[in-house]
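# A closer look at the structure
These are the residues of each chain, in order.
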Amino acid sequence: MFLLGLILYLSAGDPISPAIDSARTVYAASGERTTICLEPGNYEEALTIDVPGLHLVNASHRPSIALQNGGVDIDQQAVRITSYYGHGYQYASMGDNFNYGGKRTRRWNASVLVTAPDFYAEGIIFENSFNQYISAAEAADTLIDISQAKTDWTEKERPKRQMPARPKTIGSTEVQQKRFIERAAAISFTETATNAVLRNCRCVGHQDVLYGDQGASVYVDGGILQGGVDFIFGGLMLAVRRATIVINVSDEKGDRCYISASRNDPDGTHETADKYGNPAPGANPRGMLFYRCHIRFATTDELVHPGTSPAYLARPWRWWGETVWAYTTWDEGCLAPEAWHTGLTKGAPCPYSFEYRSQDRSVRRPDWVTVLRRPRLPDGTRITPRNWR
C-alpha cells in the first residue's frame, strides 16, 4: 500500500460518498490526489468514483478479503463495499430514475462505478448482494417487477421474463438459487476509467460482476474474482495476474459458469453507434488476458450450496473479442474439457481466442481456439500483463 496527497480515515459504516466529495474539491483546487483508508466493516452504498487518482485501501494491519457464512458475512479484517440493485426490478429508492438495466443504468447497476482515470483499490471486497443475500437496505426498499413498473413499453422493449418475488428476510440466501439470477455488477468502468488497479481485492456476485466499456483499462493484481455467468465482461482492456477465479454457482441442475465475455473491437470496424445514440467506441486491439490464474469451486463460506459443475474459460460476447488464458491451473473437475463456448455468438467461431500452457495442455479445445506454442500472439505481442495495460 502507498499513500498519496490527502489521506482520509473512515470508520466502519461511515458513508464514503462525502469523502469522495472532499477529494473532488481538493483535486479541483490543487490537483492533489486522495487516499481514503477504510476501517474493516461493511459500507452499504452505491459509489461513483469520478475523481482522478482516488485510492481506496483497507486500513487494517492484516487486511482480509474472506467471506463467511455462505457469503453473507465477512472476516473481521475485511472491508466490503456493497449495494443491491439488480436487473428486472424497479426500486422505490431510485426515485424518478428508471431502472433500464444494462449500460443505461450505472453499467449493469454497479455498486461501484468508476468514471475517472488512475483509480486504485487495495484489500477491498466489491460486491453486489443481489444474487448473494438480502441486505437490510434491500429489505427496507420497495421492489416492483420492471415489466409492470412502466406503462409505455413498446412491444420490443417490454421485458419477456417476469421476475420472482424476492424474499424480505434480512440475510436470506434464497436469492442464490438459479431462478433469481440476473445481471448485477459489483464494479464497472466507463470508457474514461483508464489505468485502474485492483490489488488483492475481491469482486463478488453471480451474473455480470466486473464490467468495462471499450476504452477502459484495468489491471487486477492478485485477489479473487467470484461469479457465475459471463461475470468478467465488456470491451475493456483487462490484465488479470495471479488471481483466484471462484466458480460461484449453486448445486442446482443447469447452473453453469462462464468466466469471461470479451467484446473489444480490435480494428474499429465491427462496433457501431448503439440504439441509445452512443457513438462507436473505435479500435481497441487488446482485450482480456488472464495470466497465471487458478480456478476453484466456491466453498460453503462463500456460497450456501456450492455446485461442482465445470466452468468455461470464455464465452465471448462478440466473435471478435480477444481472450487470452496463459499458465492457467485449476482444481480437479473445475474446467469443462472444451473450455470455450459460443453461446453468445450464436455458434460463430471466435478466432481471437488463445491459450498458452494450460494445466491440461489444452487438449479437446474447439478448432477455432489457438493453442500457442510460445508466449506470443500471432501479431507478435508477447504474453505479459504489461502489454494489456
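This text follows the structure it describes.
Predicted model only: the values in this text are computed from it and were never measured. (Residues numbered from 1 in each chain as written. Predicted model: local features only at pLDDT ≥ 70, side-chain atom pairs only at ≥ 80, totals over all residues. Heavy atoms only, no water.)

### With respect to the environment of Tyr356
Spelled out, the test is: Counting from the N terminus, the helices are the DSSP runs of H or I reaching at least four residues and the strands are the DSSP runs of E reaching at least two. Residue contacts are counted whenever heavy atoms from the two residues lie within 4.5 Å of one another.
The residue Tyr356 is located in strand β29 (residues 353-356) in this model. On a C-alpha basis, the gap between Tyr356 and Tyr291 in space is 9.6 Å, while along the polypeptide they are 65 residues apart. The residues touching Tyr356, leaving out its near neighbours within four places in the chain, are Trp325, Ala326, Tyr327, Leu372, Arg373, Arg374, Pro375 and Ile383.

### Things to note about the sheet that holds strand β4 (residues 47-49)
Spelled out, the test is: Each pair of strands is called paired provided DSSP finds at least two bridges between the two strands. Axis definition: a line fitted to C-alpha atoms, over the contacting stretch in the case of helices. Angles run 0 to 180 degrees between N-to-C directions.
Reading across the sheet, the seven strands line up as β4-β10-β14-β17-β20-β23-β26 and stay open at both edges, with parallel pairing between neighbours. Each of the sheet's edge strands pairs with one partner strand only, and the pair in question is β4 and β26 (311-314). Taken over all neighbouring pairs, the strand axes of this sheet differ in orientation by 15 degrees on average, direction set aside. Pairing between strand β17 (residues 210-212) and strand β20 (residues 229-234): three bridges, direction parallel. When the sheet's bridge partners are listed, Leu210 is paired in β20 with Ile232.

### So, the nonpolar core
Note the following rule: Take the buried residues of types Ala, Val, Leu, Ile, Met, Phe, Trp, Tyr and Cys, join any two whose side-chain atoms come within 4.5 Å, and each joined set is a nonpolar core. Note on classification: 1.4 Å probe, protein chains only; a residue is buried when its accessible area is under 20% of the maximum for its type, exposed when over 50%, partly exposed between these limits.
Within the largest apolar cluster, 63 residues are counted, with the highest numbers of intra-cluster contacts made by Phe119, Phe126, Phe189 and Leu198. Judged by nonpolar contacts, the second largest core, of 18 residues, contains Tyr219, Ala326, Leu372 and Ile383.

### A few points about the state of the cysteines
Applicable threshold: Only a pair of cysteine sulfur atoms within 2.5 Å counts as a disulfide in this structure description.
Tallied over the entire structure, the rule returns zero disulfides. Cysteine Cys293 remains unbridged, with the sulfur of Cys203 as its closest cysteine sulfur at 13 Å. With no disulfide of its own, Cys350 has Cys257 as its nearest cysteine by sulfur position, at a separation of 17 Å. For Cys350, a relative accessible area of 0% gives the class buried.

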